[in-house]
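Here is how the chains run, residue by residue.
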Amino acid sequence: MKRHRRGFPAAVITLAILLSVVAWRAPAWAADEGAKITGTVRYHVDPDRVWRYRRYYVADHKTGEIAEAVVALRGQSLRKGTYPAVEEVAVIDQRDHQFVPETSAIRAGQTVRFSNSDAANHNVYSRDPLHPFNNTIPSGGELTETFPRGGGISRPVELGCVFHNNMRAWVFVFEHPFFQVTASDGRYNLTGVPPGEYRLEMAHPAGRLRWSKEITVHAGETVTVDIDVSPDDVQKD
Amino acid sequence: MLRHDIHGAPASRRQVLKAGAATMSALVAQMSLPNFVFPGQGDDERLVPFEGMPRTGPNSLDWETLTEWITPQDQVFSVQHYGSPEVAPTEYRLEITGLVDRPRVLTLDAIKELPRREQLMTLECSGNGVSKGFMNAIYNSKWTGTPLAPLLDACGVRSEATEVVFFGVDRNEETLRKDTPREVTVDVPFGRSMSLDDAMRLNTLLAYERNDAPLEPRNGAPLRLIVPGWYGIANVKWLTRIELRDNRYMGRFMGRDYVTVRGRKQGDEVVFIETSVTRMNLKSVIARVMRRDTVDGQVPVKVYGAAWDDGTGIDRVEVRVDDGPWRPAVLDAEPRAKYCWRFFSADLGLLEPGPCTLVSRAIDVHGRVQPTAADDEIALKRTYWESYAQWPRVVQLDA
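Reference entry: report on the structure contained in this document. The shown structure was predicted, so the numbers you read here are calculated from the model rather than taken from an experiment.

## What about empty space enclosed by the protein?
(1) Moving on: Enumeration over the complete set of coordinates arrives at three cavities of 30 Å³ or more.
(2) Moving on: Approximately 210 Å³ is the volume attributed to the largest cavity.
(3) Moving on: As for the largest cavity, its lining consists of 20 residues, of which Val79, Arg224, Gly232, Ile233 and Lys237 of chain B are closest to the centre.
(4) Moving on: In terms of residue class, the lining of the largest cavity is made up of ten nonpolar, six polar and four charged.
(5) Moving on: Estimates place the volume of the second largest cavity at around 60 Å³.
(6) Moving on: Among the elements that make up the lining of the second largest cavity, the one with the highest residue count is strand β11 (residues 164-174) of chain A (three residues).
(7) Moving on: Here the residues of the lining of the second largest cavity are counted per class, giving four nonpolar, five polar and three charged.

Here is the structure:
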């Protein structure tokens, strides 16, 4: 009996911990109750502060939609869910002495296949202390690299080529699926978002643009948040 | 589209245009920072992007937006071989030693008290143009410092001195005859040399300012050598020691790297010669292609570009469309300085829509013509330094 009295509370505590863990990992919302966050990322010109490389990312200078902007959510509410791993292999080519695409966003644990379509030898290196690597890719060759940890929108893995200083790329790695890289129309759509409070963030690494806003979404609703940025949103050193 | 005036304040293109060539000439004459606008560029012109070229990033020349004769700092490249040291100006010393009667050690303040001279110069990396991924390592500057020749004279150069070696603060281990029984590893400073004759006659400068501002660390602060008309490698950054010698200095960057291996046909034989990279070669490049709205199904096209050499002098620039005849370009009269690039433009009239290849070639005052990649001068070169072949630009002209 004495042994029972001492053992019972321990079992209860263990069970409680297990239940709490299960409860924490289980989705607290049905998938079809997820919210949708949508909008357009636009760049607004200031003629006194020229963004020299705007021509690469803004097709229509009058309307200003920005390509290759990363839009993502950050917040505790994202912990309400478990998210299946992504098996799809992302691809980054080296073509015309440029990483294509320059900006990618993947899930933690996802693999990227790097290829070299140029006649010259290239290389892919990262000096990120959490994920350093340095590999040469001969012409026509390829290599794969898995990115196990997510640095989120604030800490992309920056890539370069040791042979060609001008080549650069960024890989944003997320622990959740609520992110997107804009195409030339500047549009983003984040679907199935768990209800809750978030920080909606945008980063454009080539333009050094950063933007964020606190938002709250409820089950089943569609929220439109247009992201309007200008030289005021250029990240300072 | 805006430019910045010589004081850094924004000015509209129209305002700059109104300033006129006379004002520009005066600016150059006063050795201020000349601005530049391609003459005749219309507000209705729009850029035709190059096909198959990588994007330009920071700290490299953005050819397609080239408007400023003096390159802004955010487009200035830097190459370093032994890292990029940070040198506190207060602790900086320049030593002049070797075959001189009066060796000297100077502080930066002492150097600044010496006679001051300004030098306009285009500085290009000798590998610039080796591939489409390395086309932006060139910039034009006004350097300020003290001339080297009188300083060496003041040190009393001995009659037996023939060579001047310039050493940087940056240093590294170098291994010679690697993986052989005679392998040797030594810790050496970065060094480049030239003949004493060259050092004394080339308007060589010990520069502590670029464009009226102290040098940036990555560009060699607090003091770098400026050798007008010579490739970037000769312009030693973080300069800390000048040594007069009576024998040839053969450090890595004189004897192993930055050595051009070039063949020359002699009868049926090709003879290869190895030479240190020194003087810049005659070169031109189309910076950008501009177009207007289609006229009767054809596209009005104009090109803008730059040409430069070692100071010999550009006589003319010509531009060709596909395999057509060479057409004369207009060389800008101003701004102009002996060791600086000259901007040019060529109105190509109406071109058929579709893909086309545009290329420029420079011709100097002695009749030397910028070669093509297929000419022996380039085709028989086995190293990538001194990349000065004509550079065809491919564009797509939409109807």
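So much for the structure itself; the text now carries on.
## Section: the side chain of Asp118 of chain A
(1) Moving on: Its location among the elements puts Asp118 of chain A in the loop between β6 (110-116) and β7 (122-126).
(2) Moving on: Lys132 of chain B provides the closest opposite charge to the buried, salt-bridge-free Asp118 of chain A, at an N-O distance of 5.8 Å.
(3) Moving on: Those residues in contact with Asp118 of chain A that sit more than four places away from it in its chain are Gln94, Arg95, Asp96, His97, Ser139 and Gly140 of chain A.

## What to know about the sheet that holds strand β8 (residues 163-176) of chain B
By definition, the strands of a sheet pair up through backbone hydrogen bonds, in either a parallel or an antiparallel sense.
Residue and element names in this part refer to chain B.
(1) Moving on: Judged by pairing direction, the sheet is mixed, and its five strands sit side by side in the order β5-β4-β13-β8-β9 without closing on themselves. The sheet is open, and its two borders are formed by β5 (104-107) and β9 (184-195), each paired with just one other strand. Pairs of neighbouring strands in the sheet enclose a mean axial angle of 30°, with direction left out of account.
(2) Moving on: Where β8 and strand β13 (residues 239-245) come together, six bridges link them in antiparallel fashion. Considered in β13, the bridge of Val164 is made with Leu244.

## Thoughts on the pattern of salt bridges
Residue and element names in this part refer to chain B.
(1) Moving on: According to the stated counting rule, one finds 41 salt bridges over all chains in the structure shown.
(2) Moving on: Between Glu163 and Arg248 there is a salt bridge, with the nearest N and O atoms lying 3.4 Å from each other. Of this pair, Glu163 sits in strand β8 while Arg248 sits in the loop between β13 and α5 (252-256), and the two are 85 residues apart along the sequence.
(3) Moving on: Using a relative accessible area of 4% as the deciding quantity, one classes Glu163 as buried.
(4) Moving on: Of the residues examined, Arg248 reaches a relative accessible area of 60% and is grouped as exposed.
(5) Moving on: Between Arg279 and Asp310 there is a salt bridge whose closest N-O contact spans 3.7 Å. Of this pair, Arg279 sits in the loop between β15 (269-276) and β16 (283-291) while Asp310 sits in the loop between β17 (299-308) and β18 (314-321); the two residues are 31 residues apart in sequence, bridging distant segments of the chain.

## So, the packing of aromatic side chains
(1) Moving on: By the definition in use, this model includes 20 aromatic pairs over all chains.
(2) Moving on: Each ring, one from Tyr56 of chain A and one from Tyr57 of chain A, has its centre 6.0 Å from the other, and the planes form 85°; the classification is edge-to-face.
(3) Moving on: Residue classification places Tyr56 of chain A among the buried positions, given a relative accessible area of 18%.
(4) Moving on: Among the residues examined, Tyr57 of chain A registers a relative accessible area of 3% and is labelled buried.
(5) Moving on: Summarising the aromatic geometry, the rings of Tyr258 of chain B and Trp385 of chain B are spaced 5.1 Å apart at their centres and angled 35° between planes, so their arrangement reads as tilted. Taken together, the residues span a long stretch of sequence, with Tyr258 of chain B in the loop between α5 and β14 (259-266) and Trp385 of chain B in the loop between α6 (376-379) and β23 (393-397) at a distance of 127 residues. Pair check on accessibility: Tyr258 of chain B and Trp385 of chain B agree, each one buried.
(6) Moving on: Members of the aromatic cluster, each reached through a chain of ring pairs, are Tyr82, Phe190, Phe253, Tyr258, Tyr384 and Trp385 of chain B.
(7) Moving on: Seen from the ring of Tyr304 of chain B, Arg288 of chain B lies directly overhead, with NZ or CZ sitting 5.2 Å from the centre.
(8) Moving on: Seen from the ring of Phe50 of chain B, Arg393 of chain B lies directly overhead, with NZ or CZ sitting 3.9 Å from the centre.

About the thresholds
- Each chain has its residues counted from 1, running along the sequence as written.
- Each chain takes a letter, starting from A, and each ligand takes a number, starting from 1, following the order in which they are written.
- Two thresholds apply to this predicted model, a pLDDT of at least 70 for residue-level local features and 80 or more for giving and counting side-chain atom pairs, whereas whole-chain, interface and lining totals are computed over all residues.
- To get the side-chain values, all heavy atoms of the structure are used, and hydrogens and water are removed first.
- Each cavity reported here is a set of points on a 1 Å grid over the protein atoms alone in which a 1.4 Å probe fits but cannot get out, each pocket an open set with protein on both sides within 12 Å along at least five of seven lines, and each lining residue one with an atom within 4 Å of a point.
- Grid points are joined across faces, edges and corners, and a volume is the space filled by probe spheres set on the points.
- Polarity classes work like this: nonpolar for Ala, Val, Leu, Ile, Met, Phe, Trp, Tyr, Cys and Pro, charged for Asp, Glu, Lys and Arg, and polar for all others, with Gly in that last group.
- Labels follow the DSSP assignment, with helices taken as runs of H or I lasting at least four residues and strands as runs of E lasting at least two, numbered in each case from the N terminus.
- Burial classification: accessible surface area is computed with a 1.4 Å probe over protein chains only, and a residue below 20% of its type maximum counts as buried, one above 50% as exposed, and the rest as partly exposed.
- Asp and Glu count as negative and Lys and Arg as positive, but His and the ends of the chain are not part of the count.
- By definition here, a salt bridge exists when the distance from a side-chain nitrogen of Lys or Arg to a carboxyl oxygen of Asp or Glu is within 4 Å.
- A contact between two residues is defined here by any heavy atoms of the two lying within 4.5 Å.
- Pairing between strands is defined by DSSP: at least two bridges between the two strands are required.
- To obtain each axis, a line is fitted to C-alpha atoms, and for helices this fit is confined to the stretch in contact; angles are then taken between N-to-C directions over 0 to 180 degrees.
- Each pair of aromatic rings taken from Phe, Tyr and Trp, with Trp reduced to its six-membered ring, is defined by centres within 6.5 Å and is described as stacked if the planes are under 30 degrees apart, edge-to-face if over 60, and tilted in the remaining cases.
- Whether a charge sits over a ring comes down to the Lys NZ or Arg CZ being within 6 Å of the ring centre and within 35 degrees of the ring normal.

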